[in-house]
Amino acid sequence: MALLSWKVVHDGKTPPPGEVVRPDERLSWPRTTGIGIQHVLAMFGATFVLPPIMGIPGNTAVFFSGIGTLIFLIFVRNRIPSYLGTSAAFIGPAFAIYNSGGDLGNVLFGVLTAGVVFFLVGALVNAGGSDIIGLILPPVLTGTVVMLIGLNLAGPVAYNAYWKHDQWLSLVTLTITILLLVFLRGFLRRIAILLAVVAGWVMAGVMDGLNISNAVGADLTTPVDRIAWQTTTPGGKVVTLGDADWIGLPDFTAPSFSLTAMLVFLPVVIVLIAENAGHVKAVAEMTGADLDKDLGRAFMGDGAATTLAGAFGGAGTTTYAENIGVMAATRIYSTAAYIVAATAAILFGLCPKFGVLVGSIPAGVLGGVTIVLYGMIAVLGAKIWVSNRVDFGQTRNLVPAAAGIILGAGDVTLVVSDKVSFGGIAMGTIVALVAYHLFRVVKNPEDGEVAVVSPTGSHRITEEATFGEVGYEHPDAPPSPRPGQDTPSERTDRA
């Protein structure tokens, strides 16, 4: 299908119950614009909140997310509806660079490196097929890396950078976030993080008015100023909301070479692979289209978008699950709506006043929402294990995951020299990856079958349990029945 060319269906009106709007179709432009704005609101929560956490100007990140979305749609030939928003997976490596004395330029070099590598992975998959991903990065490894990144963010970022500097506002925002996710329904629930940020912002103003201190252990009557309505540019200039222009280019920053950043950011590629592959699979299930052959193109599109962002000062991008929710609710999969959303994001990025507004989010508000966001990343790793039935009765699965997670969660750092070090995320990923494939190469015979305790005695877990369904085989038992087939005892009882 040609880009920027869609077939108008249902007379341009809302589709009747049971009908859908496919990626190469659209409604009238006013209705398409309305759906596009919904996509902007859906991605708003994370795309607009996460960049300031990494020291990246909000409007710069949003600007490149819009451009990145257009790039993605070109690479996938308009077949995969998706918005590319800021990825939380880049936060851990960014803080590792800052904590080691690096600056934003080093962080951007790491983002650029991850983008280039991801693009090359996409080219490899596009040429050799998607099966290569399963061989190199089976579910046990992708789940491990996703989990260790989420856990790695808990202490250095969620607590040390935000929570402990304003514990009461963080607690209030966390409570608001949980309550919104409990009670909201439909579209409002999908933008719960954004609503929590707004509510936390309001509470910050209320707490300022009541002179409730934001310092741990401080006098609760000490006046504070949580909302400063200003931000600091990458060049160190403080810009207030009143001084910022309504229209202007975002702040562009060039990356600066850092070998440490290059190594620390590489594990993020594994997360991007998992996120993009999951998105493509979800879209394929919703639309009924076979998108396996487009997986490599999706990787290349996100890789190119991330590379461009890193080259000029933006944040790394990924496909957004939030926008899948909008498609599931509306049954409108038109990529025309994403063109609208991308255009709106670019316009937001060209408003410096908006960038100052995003950059002035109080630390306590970020402390509350990051607890939920980073926890969700960690739990997503466990979800990957469960969905793929990873068997931790197998030593070759258990040991790499166990070592990798502890290295990541503990932020264990290996210092090679003054300029080169491996932080917790890089260390955990490398150890898990090397250990797993070492187990696969050596093939210790004791890993082929593992004794487990069950109500009927000792069983053996077969070799196929690692990548497929877990198969249990009793030494003296006949072959297990297929799903829906009676067991010998059931046939005897029925007779």
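What counts, and at which threshold
- Residues numbered from 1 in each chain as written.
- Predicted model: local features only at pLDDT ≥ 70, side-chain atom pairs only at ≥ 80, totals over all residues.
- Heavy atoms only, no water.
- Salt bridge = Lys/Arg side-chain N within 4 Å of Asp/Glu carboxyl O.
- Helix = DSSP H or I, 4+ residues; strand = E, 2+ residues; numbered from the N terminus.
- Buried < 20%, exposed > 50% of the residue type's maximum accessible area, 1.4 Å probe, protein only.
- Core = buried A, V, L, I, M, F, W, Y, C linked by side-chain atoms within 4.5 Å.
- Contact = heavy atoms within 4.5 Å.
- pLDDT = per-residue confidence, 0-100.
- Axes fitted to C-alpha atoms, helices over the stretch in contact; angles between N-to-C directions.
- Parallel < 35°, antiparallel > 145°, perpendicular 65-115°, else oblique.
- Left-handed = near helix turned anticlockwise from the far one by under 90°.
- Nonpolar A, V, L, I, M, F, W, Y, C, P; charged D, E, K, R; others polar.
- Expected span 1.5 Å × (residues − 1).
- Polar contact = N/O pair within 3.5 Å; in protein donor to acceptor, adjacent residues only side chain to side chain.

Caption draft 1: Local environment of the pattern of salt bridges. Taken as a whole and judged by the stated rule, the model has two salt bridges. Residue R77 pairs with D294 through a salt bridge whose shortest N-O separation is 2.7 Å. Placement of R77 in the loop between α2 (58–75) and β3 (84–86) and of D294 in the loop between α12 (268–287) and α13 (295–312) is noted, with a sequence separation of 217 residues between them. Residue R77 is classed as partly exposed on the basis of its relative accessible area of 36%. Linked through salt bridges whose partners overlap, the residues forming this network are R77, R79 and D294.

Caption draft 2: Molecular detail of the nonpolar core. Ranked by internal contacts, the top residues of the largest apolar core, which has 96 residues, are I53, I91, F265 and Y374. Sort the elements by how many residues they give to this core and α12 lands first, with nine residues. Those residues in contact with F265 that sit more than four places away from it in its chain are F90, P93, A94, I97, V107, G110, V111 and A114.

Caption draft 3: Geometry of the confidence of the model for the protein chain. Here the protein chain averages 79 in pLDDT, while 83% of its residues score no lower than 70. Confidence scores differ between elements of the protein chain, with strand β11 (residues 472–473) showing the lowest mean pLDDT of 30 and α13 the highest of 96. Note on residues 449–495: pLDDT under 50 across the span, and 66 contacts to partners over four residues away in sequence or across chains.

Caption draft 4: Structural detail: unusual backbone geometry. For D11, which is not a glycine, the phi torsion comes out positive at approximately 55 degrees. Inspection of the secondary structure puts D11 in the loop between β1 (7–8) and β2 (25–26). Among the residues examined, D11 registers a relative accessible area of 73% and is labelled exposed. One non-glycine residue, R77, lies in positive phi territory at about 60 degrees.

Caption draft 5: Looking closely at the packing of helix α7 (residues 154–162) against helix α17 (residues 363–387). Contact geometry for α7 and α17: axes closest at 9 Å, N-to-C directions at 160 degrees. On the basis of the axis angle, α7 is roughly antiparallel to α17. For the pair α7 and α17, the sense of crossing is left-handed. Touching V157, A158 and Y162 of α7 are A363, L366, G367, T370, I371 and Y374, all from α17. Counted by class, the contact of α7 with α17 contains seven nonpolar, two polar and no charged residues.

Caption draft 6: A look at the packing of helix α6 (residues 139–152) against helix α19 (residues 424–442). Direction vectors running N to C along α6 and α19 enclose 160 degrees, while the axes themselves pass 10 Å from each other. Taken together, the axes of α6 and α19 lie roughly antiparallel to each other. Taken as a pair, α6 and α19 cross one another with a handedness that is right-handed. Residues V140, L141, T144, V145, L148, I149 and N152 of α6 lie in contact with α19, whose contacting residues are G424, I425, G428, T429, A432, L433, Y436 and H437.

Caption draft 7: How the structure looks around the environment of Y436. Mapping Y436 onto the fold places it in helix α19. Sequence spacing of Y436 and V399 is 37 residues, and the spatial spacing of their C-alpha atoms is 8.0 Å.

Caption draft 8: Quick peek at helix α15 (residues 335–349). With 15 residues, α15 extends 21 Å between its outermost C-alpha atoms, agreeing within 8% with the 21 Å of an ideal straight helix rising 1.5 Å per residue. The buried count for α15 comes to twelve of 15 residues, which makes it a mostly enclosed element. Among the residues of α15, those classed as buried are T335, A336, A337, Y338, I339, V340, A341, A342, A344, A345, I346 and G349. A side-chain oxygen of the first residue of α15 lies 3.1 Å from the backbone nitrogen of A336; this N-cap is S334.

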